[in-house]
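In case you want the letters, here they are:
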Amino acid sequence: MCDLGRRRRRGPYPGRSTSRVWGRGGDAVSELESALQMEPAAFQALYSAEKPKLDDENLVFFCQMGRRGFQATQLAQSLGYTGARNYAGAYQEWSEKAG
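Conventions adopted
Residues numbered from 1 in each chain as written. Predicted model: local features only at pLDDT ≥ 70, side-chain atom pairs only at ≥ 80, totals over all residues. Heavy atoms only, no water. Core = buried A, V, L, I, M, F, W, Y, C linked by side-chain atoms within 4.5 Å. Buried < 20%, exposed > 50% of the residue type's maximum accessible area, 1.4 Å probe, protein only. Helix = DSSP H or I, 4+ residues; strand = E, 2+ residues; numbered from the N terminus. Expected span 1.5 Å × (residues − 1). Arc of directions from axis to C-beta. Phe/Tyr/Trp six-rings, centres within 6.5 Å; stacked < 30°, edge-to-face > 60°. Pairing = 2+ DSSP bridges. Polar contact = N/O pair within 3.5 Å; in protein donor to acceptor, adjacent residues only side chain to side chain. Axes fitted to C-alpha atoms, helices over the stretch in contact; angles between N-to-C directions. Parallel < 35°, antiparallel > 145°, perpendicular 65-115°, else oblique. Left-handed = near helix turned anticlockwise from the far one by under 90°. Contact = heavy atoms within 4.5 Å. Nonpolar A, V, L, I, M, F, W, Y, C, P; charged D, E, K, R; others polar.

Peer 1: I keep staring at the nonpolar core and nothing clicks. Help me out?
Peer 2: By size, the foremost hydrophobic cluster in this structure holds 10 residues: Val29, Leu32, Leu36, Leu59, Phe61, Ala72, Leu75, Ala76, Tyr81 and Ala84. Listing elements by their share of this core, those giving two or more residues are helix H1 (28-36), strand E3 (59-62) and helix H3 (67-78).

Here's what the structure looks like:
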């Protein structure tokens, strides 16, 4: 899952190899666009994570309220990431169900 609400760069969460947190301040969706267009080695060096593949089936975006997650999903799909999906319930729903 790609959390667009956080504002720091870090690698995968422990035990969840497909989780990544996007954003270093400013507009995380804009950063996502440049990140998804990077060469895999540059992506790895910057994010300490493997760059998603165009055909990855489980590339899920979310944010605090849902708008940026939706925008990120549309962006990823426009760049050819066919498995990009939006967690429409956003972080709020996830935290209610996980708690």
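Peer 1: Sorry, what's going on with H3 here?
Peer 2: An α-helical segment advances 3.6 residues per turn. Residues three or four places apart therefore align on the same side. If you check H3, its first and last C-alpha atoms are 17 Å apart, about what 12 residues at 1.5 Å a residue would give, namely 16 Å. What H3 keeps buried is the set Arg68, Gly69, Ala72, Thr73, Leu75 and Ala76. For H3, the angular spread of the buried residues around the axis is 165°, confining them to a single face. Counted as exposed and oriented over 90 degrees from the buried face of H3: Arg67 and Ser78.

Peer 1: Looking at this structure, I do not really get the packing of aromatic side chains. What am I missing?
Peer 2: By convention here, two paired aromatic rings are described through the distance between centres and the angle between planes. Taken as a whole and assessed by the stated rule, the structure comprises one aromatic pair. Between Phe43 and Tyr47 the ring centres are 4.9 Å apart and the planes differ by 40°, which places this aromatic pair in the tilted class. Taken together, the residues Phe43 and Tyr47, both in helix H2 (residues 40-47) and four residues apart, mark about one turn of the helix.

Peer 1: Looking at this structure, I do not really get the pairing of E3. What am I missing?
Peer 2: Within a regular beta strand, the side chains point alternately toward one face of the sheet and then the other, so they alternate between its two faces. Burial along E3 is two-sided: the residues Leu59 and Phe61 and Val60 and Phe62 are all buried. Across three bridges, the pairing between E3 and strand E4 (residues 84-86) is parallel. Each bridged residue has a counterpart across the sheet, and for Phe61 the counterpart in E4 is Asn86.

Peer 1: Explanation requested: the environment of Ser34 in the structure shown.
Peer 2: Structurally, the position occupied by Ser34 is in helix H1. Owing to a relative accessible area of 42%, Ser34 belongs among the partly exposed residues under this scheme. A polar contact of 3.0 Å, which involves the side chain of Ser34, links it to the backbone oxygen of Glu31.

Peer 1: So what exactly am I meant to see when it comes to the packing of H1 against H3 here?
Peer 2: Working note: a packed helix pair is described by the angle between its axes plus the distance between those axes. It is at 10 Å that the axes of H1 and H3 come closest, and there the two elements cross at 25°. Considering the angle they form, H1 stands roughly parallel to H3. Here H1 runs over H3; the crossing is right-handed. Where H1 abuts H3, its residues Val29, Leu32, Glu33 and Leu36 lie against Arg68, Gln71, Ala72, Leu75 and Ala76. Grouping the amino acids of the contact of H1 with H3 by side-chain chemistry returns six nonpolar, one polar and two charged.

Peer 1: Sorry if this is basic, but what is going on with the environment of Asp56 here?
Peer 2: With respect to the helices and strands, the residue Asp56 is situated in the loop between H2 and E3. Through-space distance from the C-alpha of Asp56 to that of Thr82 is 7.4 Å; in sequence the pair is 26 residues apart. At 2.9 Å, the side chain of Asp56 forms a polar contact with the backbone nitrogen of Lys53.

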